[in-house]
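Inside the fold
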Amino acid sequence: MILEEQRFLHEDLERLEQAISDRVAEEPRHVRERLNRDHQIAGFLDRIQDQSKRLLDIYKDADGSRTKEIQAISTGEPLEEFYKQMADIKSFHQRYPNEPVENLERAYKKRTLGEGETTTYEIDNMFTGEEAFGKFMDLTTIHELYLNLPSIKRLTYLQYLDAFDSFVPPQLSIKRPDKMTDQYFNYVGELAKYLESFMRRTRPLEDLEKLFESFDEDFEKAWNDNDVVGWKLEVPTPSIGPATDGVWCADCEKEFKNDNVYKAHLTGKKHIRAAEARTARQEAGNDTNGSANRGSNTMRLKERAIAEREFRVKRLAAAMSQERSDTRVNVERKQGMTERERQMELDALFAESSSAAPQADDSDNESDGDDKIYNPLKLPLAWDGKPIPFWLYKLHGLGVEFRCEICGNYVYMGRRAFDKHFNEARHIYGLKCLGITNTTLFREITDIADAVKLWDKIQRDKQKGKKDEGSVVQMEDAEGNVMPEKVYYDLQKQGLL
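Below, the discussion takes up the overall build of the protein. Within the protein, the regular secondary structure consists of 21 helices and six strands. Across the 497 residues of the protein, 29% fall into the buried class. Of all intrachain contacts in the protein linking residues separated by at least 6 positions in sequence, the fraction that spans at least 24 positions is 55%. Summed over its atoms, the accessible surface of the protein is roughly 33,300 Å², and 53% of this surface lies on carbon and sulfur atoms.

In this section: helix α1 (residues 2–24). Helix length check: α1 (23 residues) gives 33 Å between terminal C-alpha atoms against 33 Å at 1.5 Å per residue, within 8%. Along α1, the residues that are buried comprise Gln 6, Leu 9, Asp 12, Leu 13, Leu 16, Ala 19, Ile 20 and Arg 23. Lining the buried residues of α1 we find α2 (31–60), α3 (65–74) and α5 (104–107).

Let's shift gears to the environment of His 265. Note on placement: His 265 falls in helix α10 (residues 259–265). As for His 265 and Cys 252, which are separated by 13 residues in sequence, their C-alpha atoms are 10.0 Å apart.

Across all of its chains, the model carries 17 aromatic pairs by this definition. Ring centres of Phe 212 and Phe 215 lie 6.2 Å apart, and the angle between their planes is 50°; this geometry places the pair in the tilted category. In this pair, Phe 212 and Phe 215 are both assigned in helix α9 (residues 208–224), three residues apart and thus about one turn of the helix distant. Like Phe 215, Phe 212 is buried. Through a chain of ring-to-ring contacts, the aromatic side chains of Tyr 146, Tyr 160, Phe 164, Tyr 184 and Tyr 187 assemble into a single cluster.

Below, the discussion takes up a positive patch on the surface. Judged by side-chain charge, Lys 254, Lys 269, Lys 270 and Arg 273 come together as a positively charged surface patch. Top element by residues in the positive patch is helix α11 (residues 269–287). It accounts for three residues. Looking at the secondary structure, you find Lys 270 in helix α11.

The next subject is empty space enclosed by the protein. Across all of its chains, the model carries one cavity of 30 Å³ or more by this definition. When its volume is computed, the largest cavity comes out at roughly 30 Å³. Every residue along the wall of the largest cavity is listed here: Phe 215, Asp 216, Phe 219, Glu 308, Phe 311 and Arg 312. Counting residues per element, the ones that place at least two in the lining of the largest cavity are α9 and α13 (298–319). For the lining of the largest cavity, the class distribution of residues is three nonpolar, no polar and three charged.

Right, let's get into the pattern of salt bridges. If you walk through the whole model with that rule in mind, you get 27 salt bridges. Between Glu 4 and Arg 7 there is a salt bridge; the shortest N-O distance is 2.8 Å. You can see Glu 4 and its partner Arg 7 sitting in helix α1, three residues apart, about one turn around the helix. Since its relative accessible area comes to 36%, Glu 4 is described here as partly exposed. Between Glu 131 and Arg 201 there is a salt bridge, with its nearest N and O atoms 3.1 Å apart. Taken together, the positions of Glu 131 in the loop between α5 and α6 (140–147) and Arg 201 in helix α8 (residues 182–202) put the pair 70 residues apart, joining distant regions of the chain. Residue classification places Arg 201 among the buried residues on the basis of a relative accessible area of 14%.

Conventions and cut-offs
- Residues numbered from 1 in each chain as written.
- Predicted model: local features only at pLDDT ≥ 70, side-chain atom pairs only at ≥ 80, totals over all residues.
- Heavy atoms only, no water.
- Helix = DSSP H or I, 4+ residues; strand = E, 2+ residues; numbered from the N terminus.
- Buried < 20%, exposed > 50% of the residue type's maximum accessible area, 1.4 Å probe, protein only.
- Contact = heavy atoms within 4.5 Å.
- Areas by Shrake-Rupley, 256 points an atom, 1.4 Å probe, with all protein chains shown as cover.
- Expected span 1.5 Å × (residues − 1).
- Phe/Tyr/Trp six-rings, centres within 6.5 Å; stacked < 30°, edge-to-face > 60°.
- Patch = residues over 30% accessible without salt bridge, like charges linked within 9 Å, V, L, I, M, F, W, Y side chains within 5 Å.
- Salt bridge = Lys/Arg side-chain N within 4 Å of Asp/Glu carboxyl O.
- Lys, Arg positive; Asp, Glu negative; His and termini not counted.
- Charge placed at Lys NZ, Arg CZ, Asp CG, Glu CD.
- 1 Å grid on protein atoms, 1.4 Å probe; cavity = no way out; pocket = protein on both sides within 12 Å on 5 of 7 lines; lining within 4 Å.
- Points joined across faces, edges and corners; volume = space filled by probe spheres on them.
- Nonpolar A, V, L, I, M, F, W, Y, C, P; charged D, E, K, R; others polar.

And the structure:
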């Protein structure tokens, strides 16, 4: 019966291809329906791969059974072989009378709902309520793990969304020796595991295995080149910190305002312990100079395991930057809502999910009429799913496009949305990428060149102001009172000195 199994596999592959084409031709109206369709297609593709492997094994015919069956049919009396196989089939069904038969014609078709039935989706149990079927991330449990880490800088959930992929000071207050704990290792592992799981659930049709392999290859290359940020082998070098006006201490990884404070802290116990730990790490780096010896060091192996998870978290967060910014905006929006508004939003969400499937034939006709909305001007839709009036469209200027280069050439429709976006996460993140920290002074500026030019001017004026304060000429009167030169001459002209 090998030829029958071969025919069955070919039919199954054709049915699977037809099922995929039917679902690709659909236009899902909601994110939930689109994601459910993508997961169904991904399941069909996996079955195609499995069935194709079985079919290739049959064609390879390693044991020669397929060749024997073809010879038995082609030589001798064909009806004799036919009746023999039919007798085998009858005896099989006599032994197993209740054996179910798979109907390929109905196996991959969408099931029609009966009266009173509601649509059930495969993805209903995949996401939490906060994730909203893959639109937002839910890092609340990971945030609790972060807050339970020792000697951590406490961040709100909104601040944590901006800084969860930063593992070096000053964003992360944990120093390198303190990261070598099981608690921190579990925290980074859970964070990487969640981000990877979220990407698998929201992008079922992408080749994620290839993407994750590229992450591993990039980390391997960076680790061998000693180029992983925060985990480089330390060599004895002069303590040169970031380019600031203060004094940087490489042992404590801290900046001091002036030399006197820096020199005073050198005799403290905390600095001495940090210097000894740094010296020990430098000696370990000198002992494991080659790449082969480097991997044999136990401490270096622990560092590699933690660094690999941190590297993966950074790459996963970069690959899901859009979901991350949407999550931040959603959390910020919910924090400004009252309890009544949150309840109304939940009720609207449940009503939308329950009304997604028609309940009866009468409702089919009504839904057909509602779906065909006449909207030739492409007006935005209101809360009821119908286009807004044209006079309201003109009143708010929604036909005027405002492009912002800082936001990645994103186009905002209408003046109101354009003014509002200066306080949103997308614009603020674009300014931070340019090195601009004071975002309030850059309102109405959308070009990158103008923003950089203004920021350079502000920095120059700030440096000039510091120099002017230090170069003020001081005058002293007869009584020994010290004052600036301008004040001194003004009082002298008035005869008050």
